[in-house]
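Listed here are the chains, written in short residue letters.
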Amino acid sequence: MGKTIVVVGGQWGDEGKGKVVDFLAEKADVIARATGGNNAGHTVVVGDKTYKFHLLPSGVIHPTKLSICGNGMVIDPKVIIKEITTLEQDNIAVSDKTLNISSTAHVITQEQIDEDLATGKKVGTTGRGIGPCYMAKFNRDGLRMSEFVQQESQEARKLKPFVKDSYLVINKAIEQGKNILVEGAQGTMLDIDHGTYPFVTSSNPTAGGACTGLGIGPTKISKVIAIVKAYTTRVGRGPFPTELGTDEQTTAEGTWDNIKQNFETELKDALKKANDGDQYYQGKAMRLIGREYGTTTGRARRTGWYDAIVTRYAVRVNGLTSIAITKLDVLTGLKTIKVCTGYEIDGKIVQDLPMHDLEKAKPVYEDMPGWEEDLTDVTSFEQLPDNAKDYVKRIEELATVPISILSIGPKRSQTIILDGKELF
Ligand code: GDP
Ligand code: IMO
Ligand code: MG
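Note that the structure is a prediction, hence the values are computed from the model and not measured. (Residues numbered from 1 in each chain as written. Chains lettered and ligands numbered in written order. Predicted model: local features only at pLDDT ≥ 70, side-chain atom pairs only at ≥ 80, totals over all residues. Heavy atoms only, no water.)

## What to know about the overall build of the protein chain
Step number 1: Counting its regular elements, the protein chain contains 14 helices and 20 strands.
Step number 2: Computed over C-alpha atoms, the radius of gyration of the protein chain comes to 21 Å, within 12% of the 22 Å expected from 2.2 N^0.38 for 424 residues, which places it in the range of a compact globule.
Step number 3: For the protein chain, the spread of C-alpha atoms along the three principal axes comes to 65 × 50 × 45 Å.
Step number 4: Split into buried and exposed, the 424 residues of the protein chain put 59% on the buried side. (Helix = DSSP H or I, 4+ residues; strand = E, 2+ residues; numbered from the N terminus. Rg over C-alpha atoms; globule rule 2.2 N^0.38 Å. Buried < 20%, exposed > 50% of the residue type's maximum accessible area, 1.4 Å probe, protein only.)

Spelled out as structure tokens, the structure:
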């Protein structure tokens, strides 16, 4: 019997889903995206090479596996063709044996991109036409892949061989006992139903979206893993209880291109001020060390301490069986690390996430001692410094589900399995 594992983002996106999916893909036969479009930016590092995927599943670099873009996705033909062409230039062959695009996925049009660019500012969208495309879909007025590829255009001709009834392909694979890996995009807190509405995306990145977005039933899903950073980040506007500094301060820093010239000086300065207790610089240190600048837009990501309330919320709305913690290495050098274990709202302490009052939530923190040692060469949990071990154990305790994977760097080798029975 094969397994179907769904990977979702446990926070506000950019948790390292691409990295973990690439790691898990080794044992998968089919890797499928179910929701979202090229608002996603998933990074996979293999040796010296860095791949950035927006539409193609991160499994596509494994030449013997089948990647699927599911019916729940919204696809910009130009962008997917560019991704396919880039892979071909890297000598990774893409054929209808390695890539299927659902015939019922929706197609993003130029008008929808223009509309998003004109109206998306209040949410801080990625400007890729995602919201308007889903609007057209739900208004029963959208363009599906099956229709698009009937048109007379170079793009239609290029994509036609890949377009299949992917519900059938994936269900047959399940029936044949294959291992299926569903690559979530975005994150739980960006879900149209379960996120910080209206500061959300227009799809369901939570686990339920894997079923509707691929045409597989909930009874077929074996495990649901959320990827969770060892701290928190958010791009775009909206509530973020554990944010360090303000959205305005972060935006004023500019993009990675501005920062990188003075990286070393900026980092030294940020770490010093962080360890003197300045909150904005604690967040800035995470941003610099973690390279928290968007894959899709280059925007500086807002940063904050780890929020155990958000993770427990993700445990519930996704039915998580485990979490994978990423970017633990980024916290090296911070003298004190804080974990949010509750919120104070109007003088009351709550431990369950209140959707409507999140703007008012003041985080309640537990302080934990940090560590100085570089973690990026560590190969087992035992090798971690004691304070890092305690931090991880505390996260697990607060999450109420096991940590299956610990990631301490962007490379495949910088991955530690903590609970193998939660994986393939
Ligand atoms: P995704 O959208 O969830 O796939 O995440 P992104 O790719 O947008 O952002 C995660 C970034 O962190 C990428 O640049 C990854 O290469 C990098 N990354 C992933 N895991 C780790 C880790 O454990 N440590 C460090 N330092 N970087 C990581
Ligand atoms: P990955 O898959 C982080 C955010 C945008 C904006 C909001 C709505 O890489 O984790 P949209 O363009 O979807 O209408 O924008 O959602 N957003 C993401 N933030 N990671 C993502 O994807 C995101 N996809 C959308 O910044 O706040
Ligand atoms: Mg991303």
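## Digging into the site of ligand 2
Step number 1: In the vicinity of ligand 2 lie 20 residues, with Asp 14, Lys 17, His 42, Thr 126 and Thr 201 positioned nearest.
Step number 2: Asn 39 places a polar side-chain atom, nitrogen or oxygen, 2.9 Å from an oxygen atom of ligand 2.
Step number 3: Note that an oxygen atom of ligand 2 is positioned 2.6 Å from one of the side-chain N or O atoms of Thr 201.
Step number 4: Calculation on ligand 2 without its partners gives an accessible area of 550 Å², and the protein chains cover 98% of this total. (Near = heavy atom within 4 Å. Polar contact = N/O pair within 3.5 Å; in protein donor to acceptor, adjacent residues only side chain to side chain. Areas by Shrake-Rupley, 256 points an atom, 1.4 Å probe, with all protein chains shown as cover.)

## Points about the pattern of salt bridges
Step number 1: In this structure the tally under the stated criterion is 27 salt bridges.
Step number 2: Residues Lys 17 and Glu 15 are paired through a salt bridge, measuring 2.8 Å at the closest nitrogen-oxygen approach. A single burial state applies to Lys 17 and to Glu 15, both of which are buried.
Step number 3: A salt bridge links Arg 412 to Asp 22; its shortest N-O distance comes to 2.6 Å. (Salt bridge = Lys/Arg side-chain N within 4 Å of Asp/Glu carboxyl O.)

## Comments concerning the site of ligand 1
Step number 1: Taken together, 19 residues lie near ligand 1, and Lys 17, Gly 41, Thr 43, Asp 329 and Ser 407 sit nearest.
Step number 2: In the environment of ligand 1, an oxygen atom lies 2.7 Å from a nitrogen or oxygen atom belonging to the backbone of Lys 17.
Step number 3: One of the backbone N or O atoms of Gly 18 is found 2.8 Å from an oxygen atom in ligand 1.
Step number 4: In the complex, 91% of the free accessible area of ligand 1, which totals 580 Å², lies under the protein chains.
Step number 5: Looking at the shell around ligand 1, the elements with two or more residues in it are helix H1 (17-25) and strand E3 (42-46).
Step number 6: Of the residues forming the shell around ligand 1, the biggest block, three residues, is contributed by H1.
Step number 7: Considered class by class, the residues forming the shell around ligand 1 number three nonpolar, nine polar and seven charged. (Nonpolar A, V, L, I, M, F, W, Y, C, P; charged D, E, K, R; others polar.)

## Notes on the nonpolar core
A general tendency of soluble globular proteins is for nonpolar side chains to be buried together.
Step number 1: Counting 67 residues, the largest nonpolar core has Ile 323, Leu 328, Leu 331 and Tyr 391 as the members making the most contacts within it.
Step number 2: Mapping this core onto the domain boundaries places at least three of its residues in each of domain 1 (4-231) and domain 2 (243-304).
Step number 3: Ignoring anything within four residues of it in the chain, the contact list for Leu 328 reads Ala 230, Trp 371, Leu 375, Leu 384, Tyr 391, Val 392, Leu 406, Ser 407 and Ile 408.
Step number 4: One finds Met 73, Val 79, Val 107 and Leu 159 within the second-largest nonpolar core, a separate group that totals 28 residues. (Core = buried A, V, L, I, M, F, W, Y, C linked by side-chain atoms within 4.5 Å. Domains from an automatic or database assignment. Contact = heavy atoms within 4.5 Å.)

## Describing the coordination of the magnesium ion (ligand 3)
Step number 1: Protein ligation of the magnesium ion (ligand 3) involves Asp 14 (OD) and Gly 41 (O), the donor distances falling in the range 2.0 to 2.2 Å. Of this pair, Asp 14 sits in the loop between strand E1 (4-9) and H1 while Gly 41 sits in the loop between strand E2 (30-33) and E3, and the two are 27 residues apart along the sequence.
Step number 2: Taking relative accessible area as the criterion, Asp 14 reaches 23% and is therefore assigned partly exposed. (Donors = N, O, S within 2.8 Å, 3.2 Å for Na, K, Ca; no water.)

## Remarks on the packing of aromatic side chains
Step number 1: If you walk through the whole model with that rule in mind, you get six aromatic pairs.
Step number 2: Both rings, one in Trp 12 and one in Phe 240, keep their centres 5.4 Å apart while their planes meet at 45 degrees; by these two values the pair is tilted. Of the two residues, Trp 12 sits in the loop between E1 and H1 while Phe 240 sits in the loop between strand E12 (232-234) and helix H9 (247-252), which places them 228 residues apart along the sequence. Considered together, Trp 12 and Phe 240 belong to a single accessibility category, that of buried residues.
Step number 3: Look at Trp 256 and Tyr 293: their rings are 5.2 Å apart centre to centre, the planes differ by 45 degrees, and that puts the pair in the tilted class. (Phe/Tyr/Trp six-rings, centres within 6.5 Å; stacked < 30°, edge-to-face > 60°.)

## Re helix H7 (residues 166-175)
Step number 1: Those residues of H7 that fall on the buried side of the exposure criterion are Ser 166, Ile 170, Asn 171, Ala 173 and Ile 174. Taken around the axis of H7, the buried residues stretch over an arc of 155 degrees, which confines them to a single face.
Step number 2: Residues of H7 that are buried sit in contact with E1, E2, strand E5 (66-69), strand E7 (99-102), strand E9 (163-164) and strand E10 (180-183).
Step number 3: A positive backbone phi angle near 80 degrees is found at Gly 177, which sits one or two residues after H7. (Arc of directions from axis to C-beta.)

## Points about helix H3 (residues 110-119)
Step number 1: Residues of H3 that are buried: Gln 112, Ile 113 and Asp 116. What you see down the axis of H3 is that its buried residues fit within an arc of 100 degrees, all on one side. Seen from the open side of H3, the exposed residues pointing more than 90 degrees away from its buried face are Glu 111, Leu 117 and Ala 118.
Step number 2: The inward-facing, buried residues of H3 abut strand E8 (106-107) and helix H4 (130-138).

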